[in-house]
Amino acid sequence: MGREVVRAVAQTPDMRLVGAVARSHLGVDIGEVLGLGALGVAISDDLAGQLLRLSQQSTRGVMVDFTHPSSVYENVRSAIAFGVRPVVGTTGLTPEQLERLRDLADKAGVGCLIAPNFAIGMILLQQLALQAAQYFDHVEIVELHHNRKADAPSGTALQTAQRLGQLGKAFNPPEVEERELIPGSRGGIPGPNIPIHSVRLPGLVAHQEVIFGGMGQTLTLRHDITDRVAFMPGVILGIRKVLQLKGLVYGLEQVLS
């Protein structure tokens, strides 16, 4: 994802790439690594130094984070402290971490956009699911990702369940006393009582199904990412929109209008 973000920013006329943080190819021009030609940006493993340098420039800076659940909280916290606006696609933040970041961003007046998914198609799927939920009482979610994704279920699946739960509807009323022969067979079940099933396999990128069931019928809404480039229009939009924010916003759909 980081490589795709670099390509997208480098190809956007009114944006300028000023830093790249990674653990490999240190000191090498990121453009040369990606086959784009020299961009004048050497890869560094010093995030704090990059944030400090960016905070001292006259133009407003943005940090895009696609890293790992174990590091994203401290990355975003550091960016806010330096007055650099984070755009975050890394999932795995706990509700408590999100609230602490919200408090930090709001007090600092620093825009921060955290989105479980930057694909416009996924936002449309969620909107369609909200419409379908008015007519179906039974629903489950299946999310499928590559086997290097560290967190499960995906942040997108959790957000989909949460948005359905905000309708205030009681989903999946019990019709039989279930007994799992293997714990977890029925998936993870968050607050809205909507089971989420996670699949991790090589060959997958990012996919989600929302399956509704009713008498004599089912309705399946599915979104497939076959190439990470699909996230880039949403990332570029997020970079533009975060400059207008004064605190933390969760979900790309919140800044689409």
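So, a few notes on the structure that sits alongside this text. (Residues numbered from 1 in each chain as written. Predicted model: local features only at pLDDT ≥ 70, side-chain atom pairs only at ≥ 80, totals over all residues. Heavy atoms only, no water.)

This paragraph deals with the pattern of salt bridges. Taken as a whole and assessed by the stated rule, the structure comprises twelve salt bridges. Between E74 and R77 there is a salt bridge, with its nearest N and O atoms 3.8 Å apart. One end of the pair, E74, and the other, R77, are both in helix α4 (residues 72-81), three residues apart, so they sit about a helical turn from each other. On the basis of relative accessible area, E74 is assigned to the partly exposed category, the value being 43%. (Salt bridge = Lys/Arg side-chain N within 4 Å of Asp/Glu carboxyl O. Helix = DSSP H or I, 4+ residues; strand = E, 2+ residues; numbered from the N terminus. Buried < 20%, exposed > 50% of the residue type's maximum accessible area, 1.4 Å probe, protein only.)

On to the sheet that holds strand β10 (residues 248-250), then. If you trace the four strands from one edge of the open sheet to the other, you get β3-β4-β5-β10, paired in parallel fashion. Of all the strands in the sheet, the pair left with one neighbour each is β3 (62-65) and β10. Pairs of neighbouring strands in the sheet enclose a mean axial angle of 15°, with direction left out of account. (Pairing = 2+ DSSP bridges. Axes fitted to C-alpha atoms, helices over the stretch in contact; angles between N-to-C directions.)

Judged by how many residues are buried, helix α8 (residues 232-242) sits mostly within the fold: eight of eleven residues are covered. Those residues of α8 that fall on the buried side of the exposure criterion are M232, G234, V235, I236, G238, I239, K241 and V242. Turning to α8, the residues buried within the fold contact α1 (2-10), β3, β4 (85-88) and β5 (112-114). (Contact = heavy atoms within 4.5 Å.)

Cis geometry is found at the peptide bond from A152 to P153, where omega equals -5°. Secondary-structure assignment places P153 in the loop between β6 (138-145) and α7 (155-165). One non-glycine residue, H25, lies in positive phi territory at about 55°.

We now examine helix α5 (residues 95-108). End to end, α5 covers 20 Å across 14 residues, agreeing with the expected 20 Å (1.5 Å per residue, within 8%). Regarding α5, the residues found buried are Q97, L98, L101 and A105. Looking straight down α5, one finds that the buried residues subtend no more than 100° of arc, so they occupy a single side. Exposed and oriented more than 90 degrees from the buried face of α5 are P95 and K107. Considering only its buried residues, α5 is in contact with α4, β5 and β10. (Expected span 1.5 Å × (residues − 1). Arc of directions from axis to C-beta.)

In spatial order, the strands read β7-β6-β8-β9; together these four strands make up an open sheet with mixed pairing. Here the strands that pair on one side only, and so sit at the sheet edges, are β7 (196-200) and β9 (217-225). Pairs of neighbouring strands in the sheet enclose a mean axial angle of 15°, with direction left out of account. Where β6 lies against strand β8 (residues 206-214), eight bridges are found, and the strand directions are antiparallel. Along β8, the bridge assignment pairs H145 with A206.

Checked against the element boundaries, F66 lands in the loop between β3 and α4. Look at F66 and you get partly exposed, because its relative accessible area is 22%. On a C-alpha basis, the gap between F66 and L245 in space is 20 Å, while along the polypeptide they are 179 residues apart. In this structure F66 touches M1, V5, G89, T90, F118 and V235, once residues within four positions along its chain are discounted.

Let us look at the nonpolar core. Ranked by internal contacts, the top residues of the largest apolar core, which has 48 residues, are I30, F118, L164 and F212. Going through the elements one at a time, α1, α6 (120-132), β6, α7, β8, β9 and α8 are the ones with two or more residues in this core. Per-element accounting of this core gives the leading share, six residues, to α6. In this view, F118 contacts F66, V87, V88, G89, L113, F231, G234, V235 and L252; residues no more than four positions away in its chain are not counted. Membership of the second largest hydrophobic core comes to 13 residues, among which are V72, V76, L93 and C112. (Core = buried A, V, L, I, M, F, W, Y, C linked by side-chain atoms within 4.5 Å.)

Now for the packing of aromatic side chains. Per the stated rule, a full pass over the model turns up two aromatic pairs. Considering the side-chain rings of F136 and F212, the 5.7 Å spacing of their centres and the 40° angle between planes classify their relative orientation as tilted. Of this pair, F136 sits in the loop between α6 and β6 while F212 sits in strand β8, and the two are 76 residues apart along the sequence. We classify F136 as buried; its relative accessible area is 10%. (Phe/Tyr/Trp six-rings, centres within 6.5 Å; stacked < 30°, edge-to-face > 60°.)

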